[in-house]
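# Working through the structure, step by step
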Amino acid sequence: MEPALLNGYAELHLHTNYSLLDGASHPEELIKRATELGYRSLAITDHDNLFGAMVFARLCAEVGLQAITGVELTLAGDPPGVEDLGEERHHLTLLAETREGYGNLCRLISLTNGIEEPDAGRREERRLDPCLPVPRLAGHCRGLICLTGCRRGAVPLLVERGRTAEAEAVLRHWVGWFGGENVFVELQDNLVFGDRHRNRALAELAERVGVGTVATGDVHYHERFRHRLQDALVAVRHRSTLEESHRLRRPNSEFHLRSPEQQARRFREFPEAVRNTVLIAERCGFDLTQDLGYRLPEPPVPETHSPDSWLAECCRLALVERYPTEAERIRAEARLEEELALIQQHHLAGFFLVYKEVLDLAREVAAEVRGKSARGRANLPPGRGRGSSVGSLVCHLIGLSHIDPIRNHLFLGRFLNEEMDSLPDIDLDFPRDIRERLIERVHKRWGRDRAALVATIPRYRIRSAIRDLGKVLGLPAVELDRLAKLSEGYGSSRALKEEMQRTPQFRSLIDAPGWRELIELAWDAHDFPRHLSQHVGGMVISSDPLVECVPVQPAAWANRYVCHWDKDSIDDARMVKIDFLGLGMLSLVEECLDLIHASRGVVVDLSRIEFDDKRVFGRIQQGDTVGVFQIESRAQAQMLPRTQPENLDDLTVQVAIVRPGPIVGGAVNPYVKAREAKRAGRPFELDRPIHSTVRDVLEETLGVVLFQEQVVQVAMAMGGMSPGQAERFRRAMNRRDWERNSAGFRESFIEGALAQEVPREMAEDMFRNLE
């Protein structure tokens, strides 16, 4: 820490919009504002969660800002030494100083959210309204720095009410639990009536007990104007209107991020409290992006083997069975050695063996669920792998994928490459009844503290913004409902004004009182987190207790648990995420086997079905596909007579092209025209000229980019990227912060293309096509 920084200020109490329906700025906005104001250190202390902690830490690292991980914890019950606080809940601010402290922070948040609550009713209550009984705090204090909290902290509340003896008793208990050098009395001055008087009393109390003071801003938004949105979000949280929620909202607009100089002037009466912010920041050496300490699960292997040698042994035994001819075996062995070398380079043997162990569990579950029925005797796999993993021979040999990547010439670089900075992604599809039982079995196998579902955090889109924000503004419910139904459900809330302009009945309301404010608030609430939910099937598994790496809480469904990070944060943490996806069509296929056996007495072996039956493709070419998976929609049925698919490769392209991305990108008509011309034997020209560098990559799809593998291959062939860079490019496009990061990737792609003498206009057009 530079000596000059000791005369500065670090903000140690800050809420992002992951303090759901309370914080009113994105982490990106707060961090950008902090760098503009000259901050060197910034803490995140969202309410009772770490939903945004990894996002915050990663963004801070990108701009060279020290990220301090913390939380504002809600405590329930009277603190020690107090008979009746007068408040059911009170707050405490905790910062992770060390890795041990971070683990304790995660455990405390998990307890706050009911992870160990034995009573089902109280567990559900905690999940919906987190709070930690005060006595549970005592055993998890090591490695944490304790600030006594905002105005709703027990110590400030008691001091404000003149109960200084009780306040001193509580403070001495915090000192006993955390240690005197780790407890600081928090001073806040947001120009609220009583702040100055309370701060003087708190400073006197701190001196009497022998602990330090620390100044904090209780930041809830990056700039003053966001106080309007913060007021609205608080009203949404309390299911109230702005007019009815005055007492619930913050008293003024002073809860924004002020400059270090402004904070130093505001607390000039307490210079020690300002200096201590920097001293505390200096002590908080834990870096979430570097020091998480997550270890890949360690599956059991024979004593004579390491994970690498055992994985290789399993694969080589399976390879001999799958490739009986010498020519096939030579090709497969070369590919296997390439993949095993990459797996060893990235220390991923345990990762693949965990999937193998999960698949063994899936076989057990499938046998139990299917029993002796026809589906149980049909030699069906318990599930099917899909996505980029089917390009891996290792996945094929250990049973994760039933597609042969050698015979089908599948691309490996998206799944495994030399420069990977995140774990491979494997999706597994299961019949629904097998999936439900399998998730419970995985919880049982690894334990609730080592396995949890990945979170997903729904965000404000145009419909939810109209309904929630319109209600708090007191606008007519019938009109709000009508406008919401007319709007595109997943469209951006920033498109509200355009939506109203397109509709005559709402066009005249754009500048009307209330509606004008709705447009402004919806614009500011763009992409704000709204509530916590669970991923459809993503599950994270750990060797060590997961609750020491990320908080875990009970899910809405019984016997399931969900962690506090979404798939992007899990990816940034390099955690094993297994996607157990329920596929209704697999359930229907298995049901059909039972129906066929019941009506004809035959057990059908699906592995012997031919894939080139002309009668089947004749029906498909006519669009007679009601109930046929992937090609049953009206759009698919209308397109099939034009494209006339003749084999599975044609069907693969057909399925891929009738999707929002290719449709919005203008890829459908060029492909269909080229396909019709090719079938008729006529020469054809593509709307987009294809450069020689990517001709082989796009030949199958007639010059159109349809598959994510093609994104990687085009980035390599035209953009000059390495396999690792190309995969990072593809992943970045799938993340919500793509707009912020796109310029750097675009520049890199264009430079690489120009180096290969690709005309700039053609390179820019291809980049737009990839987007």
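Residues numbered from 1 in each chain as written. Predicted model: local features only at pLDDT ≥ 70, side-chain atom pairs only at ≥ 80, totals over all residues. Heavy atoms only, no water.

### As for the overall build of the protein chain
Helix and strand counts for the protein chain stand at 33 helices and 14 strands. Since a compact globule built from 771 residues should have a radius of gyration of about 28 Å, the 29 Å found for the protein chain is in line with a globular shape. Referenced to the eigenvectors of the C-alpha coordinate spread, the extents of the protein chain come out at roughly 90 × 70 × 60 Å. Buried residues in the protein chain amount to 55% of all 771 residues. Within the protein chain, contacts between residues separated by at least 24 positions form 76% of all contacts whose residues are at least 6 apart in sequence. Roughly 34,600 Å² of accessible area belongs to the protein chain as shown, and the carbon and sulfur atoms make up 49% of that amount. Of the charged side chains in the protein chain, 101 are positive and 117 negative, and the gap between their average positions amounts to 4 Å. (Helix = DSSP H or I, 4+ residues; strand = E, 2+ residues; numbered from the N terminus. Rg over C-alpha atoms; globule rule 2.2 N^0.38 Å. Buried < 20%, exposed > 50% of the residue type's maximum accessible area, 1.4 Å probe, protein only. Contact = heavy atoms within 4.5 Å. Areas by Shrake-Rupley, 256 points an atom, 1.4 Å probe, with all protein chains shown as cover. Lys, Arg positive; Asp, Glu negative; His and termini not counted. Charge placed at Lys NZ, Arg CZ, Asp CG, Glu CD.)

### Here we look at the pairing of strand E6 (residues 183-188)
The buried fraction of E6 amounts to six of the six residues, a majority that puts the element mostly inside the structure. Burial of E6 is two-sided: the residues Val-183, Val-185 and Leu-187 facing one way and the residues Phe-184, Glu-186 and Gln-188 facing the other way are all buried. For strand E5 (residues 144-147) and E6, the ladder comprises two bridges, and the chain directions are parallel. By the bridge assignment, Cys-146 is partnered in E6 with Val-183. Where E6 lies against strand E7 (residues 212-216), five bridges are found, and the strand directions are parallel. Looking at the pairing, Val-185 lines up with Thr-213 of E7. As for the winding sense of the linkage, the β-α-β connection from E6 through helix H7 (residues 195-209) to E7 is right-handed. (Pairing = 2+ DSSP bridges. Right-handed = clockwise from strand over helix to strand, strands pointing away.)

### Here's the deal with the packing of helix H17 (residues 462-472) against helix H18 (residues 477-486)
Packing of H17 against H18 brings their axes to within 8 Å, and their N-to-C directions diverge by 165 degrees. What the angle tells us is that H17 and H18 run roughly antiparallel. Read as a crossing pair, H17 and H18 show a hand that is right-handed. Contact residues: H17 offers Arg-463, Ile-466, Arg-467, Gly-470 and Lys-471, while H18 offers Leu-480, Asp-481, Leu-483, Ala-484 and Lys-485. A class-by-class count of the residues in the contact of H17 with H18 yields four nonpolar, one polar and five charged. (Axes fitted to C-alpha atoms, helices over the stretch in contact; angles between N-to-C directions. Parallel < 35°, antiparallel > 145°, perpendicular 65-115°, else oblique. Left-handed = near helix turned anticlockwise from the far one by under 90°. Nonpolar A, V, L, I, M, F, W, Y, C, P; charged D, E, K, R; others polar.)

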